[in-house]
Amino acid sequence: MSMEDTNVATQDVVETTTAAATDAVKDADEAAVSNAKPNKRRNNDDDVPEEKLMEMFDFSKPIPRVERPDKAAHQAAIDEKNAEITALESQRDAITEKINAAAAASKQDHGAAEARKELSSLFEKSNVLKKERESLIAMQKQIRATADKLAAERKSASQSVRYNSVDEIESEIARLQRIQSTTSMSLQDEKKLLKEIDLLVASKRTIANLDAKKDSLNEIKKSREELNVAIDAKKKELDAVYKQIDAQRKIVDEQNSKHESTRAVIPGLVQERNGVRNTINSIKADIRTRRDAFRVANNEWYNYTRAVRLQRKMQYEEEKKKREEEEEARRAAKEAEEAKKIPYEEEMGLCDYL
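All figures in this text were calculated on a predicted structure; none of them were measured in a lab.

Asks: Even after reading the chapter, I still don't get the overall build of the protein chain, so can you show me in this structure?
Replies: Looking only at helices and strands, the protein chain features eight helices and zero strands. Going from N to C terminus, the protein chain has its helices and strands arranged as α-α-α-α-α-α-α-α. The buried share of the protein chain, reckoned over its 354 residues, is 23%. Intrachain contacts of the protein chain at a sequence separation of at least 6 include 92% that bridge at least 24 residues. Of the roughly 25100 Å² of accessible surface on the protein chain, a fraction of 52% belongs to carbon and sulfur atoms.

So this is what it looks like as structure tokens:
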């Protein structure tokens, strides 16, 4: 082998070794980026296609570094918030127990149902007595109307007679009959006397009717007096029942007051629980915001690492292509050099030497 061939071979070895070393460095850098695995993400929906990455980053210059988000710090903050939620949930549950206890206490009887039942019974009794008294008053009004009617009729009838009793009328009839039988009179006078006797007989019927009405009025008066006594008695019974109702109503009001005082704390407890619940919801919203922010930051860092790998891959492929073209050029030059040589030049030189 000639010295020129030896130099060419040595140059090929050096260039190959240099290229291999360069590739090794590139591979090491790429491995370093590859080993920096992104934080686990929920799904692959956030993966950006390489075409989109090439639009997002300028591959003609070094890609600006994006720091990897601190997952441990993020998780520590989330755990702290979750601990706050756990404490608030315990507080909320304690308030709920107080609300349930107050509601249960307000529903306890303590004799309230019996007191209300007794009050209802007294109201029913008073209604019965009121109806009975109203019925007696209606009877009283009816009797008064009947008495007024009889009194008016008796007054009207008494104005048409001159005598106050049947005995007086009978005495007058007897007197007129004696005159008729013992006295001589004209026919006209006798007719007049007979007519007067007939009027007296009719008056006797009227007086008998007046006496009957008077008896009826006396009976009515007696009934009215009895009704007045009965109405007064019913009024006294009603007054007694009303006093019982007032006393029983006080008992019921006391029971209701106890229930109301027990239930009065419930609205405040419900408001307090709602406040705790709103705080919990605010913390949960903060957790979601933090997670969304971490996800965005993690995606940005993840896209950065992918862009760096893609840039290095493109650089590597470009350099590899360049080395292959240079290698091909050297090979073509060597072949052209070889083609210029005389066939069997080395053998001929060796023969000359011998």
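Asks: Mind showing me how you'd approach helix α3 (residues 71-107) here?
Replies: Between its first and last C-alpha atoms α3 spans 53 Å; for 37 residues at 1.5 Å apiece the expected length is 54 Å, and the two agree. Along α3, the residues classified as buried are H74, A77, I78, K81, I85, L88, I95, I99, A102, A103 and S106. Taking the backbone nitrogen of A72 as reference, a side-chain oxygen 3.1 Å away marks D70 as the first, capping residue of α3.

Asks: Teacher, can you tell me more about the pattern of salt bridges here?
Replies: Once the charged atoms of two side chains with opposite charge are near each other, the side chains can pair. Summed over the entire model, instances satisfying the criterion amount to twelve salt bridges. With its nearest N and O atoms 3.5 Å apart, the salt bridge here joins D93 to R92. Under the relative-accessibility criterion, R92 is labelled partly exposed at 22%. Residue E132 pairs with K234 through a salt bridge whose shortest N-O separation is 2.4 Å. Taken together, the residues E132 in helix α4 (residues 112-158) and K234 in helix α6 (residues 187-263) connect sequence positions 102 residues apart. Look at the salt bridges and you will find they share partners, linking E327, E328, R330 and R331 into a network.

Asks: What is the right way to look at the side chain of H74 in this model?
Replies: In this structure, H74 sits in helix α3. Among residues more than four places away in sequence, those in contact with H74 are R290, R291 and F294.

Asks: Got a minute to help me understand the packing of α3 against helix α7 (residues 265-340) in this structure?
Replies: When two helices pack together, their arrangement is given by the angle between their axes and by how far apart the axes lie. The N-to-C vectors of α3 and α7 enclose an angle of 165°; their axes lie 9 Å apart at closest approach. With respect to their mutual orientation, α3 and α7 come out roughly antiparallel. When the axes of α3 and α7 are compared, the crossing they make is left-handed. When its residues are assigned to classes, the contact of α3 with α7 shows 17 nonpolar, five polar and twelve charged.

Asks: For this particular structure, what's the right way to read the environment of V48?
Replies: Following the sequence through the fold, V48 ends up in the loop between α1 (3-35) and α2 (50-56). Under the relative-accessibility criterion, V48 is labelled buried at 14%. The spatial distance from the C-alpha of V48 to the C-alpha of R306 is 9.3 Å, given a sequence separation of 258 residues. Ignoring sequence-local partners within four residues, the contact set of V48 consists of L53, M56, N303 and R306.

Asks: Looking at this structure, how should I read the confidence of the model for the protein chain?
Replies: Reading predicted coordinates in detail is not appropriate for stretches of low pLDDT. For the protein chain, per-residue confidence averages 77 on the pLDDT scale, and residues scoring 70 or more make up 73% of the total. With pLDDT under 50 throughout, residues 1-40 is counted as low confidence; its partners more than four residues away or in other chains account for 35 contacts.

Asks: Can you help me understand the environment of A105 in this one?
Replies: One can find A105 in helix α3. Taking the relative accessible area as the measure of exposure, A105 reaches 26% and is therefore partly exposed.

Conventions used here
In every chain, residue numbers begin from 1 and rise along the written sequence. The predicted origin of the model limits local features to residues at a pLDDT of at least 70 and limits the giving and counting of side-chain atom pairs to 80 or more, whereas totals for whole chains, interfaces and linings rest on all residues. Calculated side-chain values reflect all of the structure's heavy atoms, with hydrogen atoms and water omitted. Each helix corresponds to a stretch of at least 4 residues labelled H or I by DSSP, and each strand to a stretch of at least 2 residues labelled E; elements are numbered beginning at the N terminus. Here's how the labels work: a residue is buried when its accessible area is under 20% of the maximum for its type, exposed when over 50%, partly exposed in between, all with a 1.4 Å probe on protein chains only. The contact criterion used throughout is that any non-hydrogen atoms of two residues lie within 4.5 Å. Per-residue and other accessible areas follow the Shrake-Rupley method at a 1.4 Å probe size, with only the shown protein chains counted as cover for residues. In this scheme, a helix's expected span is set at 1.5 Å multiplied by one less than its residue total. Pairing of N or O atoms within 3.5 Å defines a polar contact, subject to two protein rules: one partner must be a possible hydrogen donor and the other a possible acceptor, and residues neighboring in sequence count only if both atoms are side-chain atoms. Salt bridge, as used here: a side-chain nitrogen of Lys or Arg that lies within 4 Å of a carboxyl oxygen of Asp or Glu. The axes are straight lines fitted to the C-alpha atoms, using for helices just the contacting stretch, and the angles between their N-to-C directions are given from 0 to 180°. By definition in this entry, angles of less than 35 degrees are roughly parallel, angles greater than 145 are roughly antiparallel, angles of 65 to 115 are roughly perpendicular, and the rest are oblique. Crossings are sorted by hand: turned counterclockwise from the far helix by less than a right angle, the near helix makes the crossing left-handed, and turned clockwise it makes it right-handed. Basically, the charged four are Asp, Glu, Lys and Arg, the nonpolar ten are Ala, Val, Leu, Ile, Met, Phe, Trp, Tyr, Cys and Pro, and anything else, Gly included, counts as polar. Scored from 0 to 100, pLDDT records how confident the predictor is in each individual residue.

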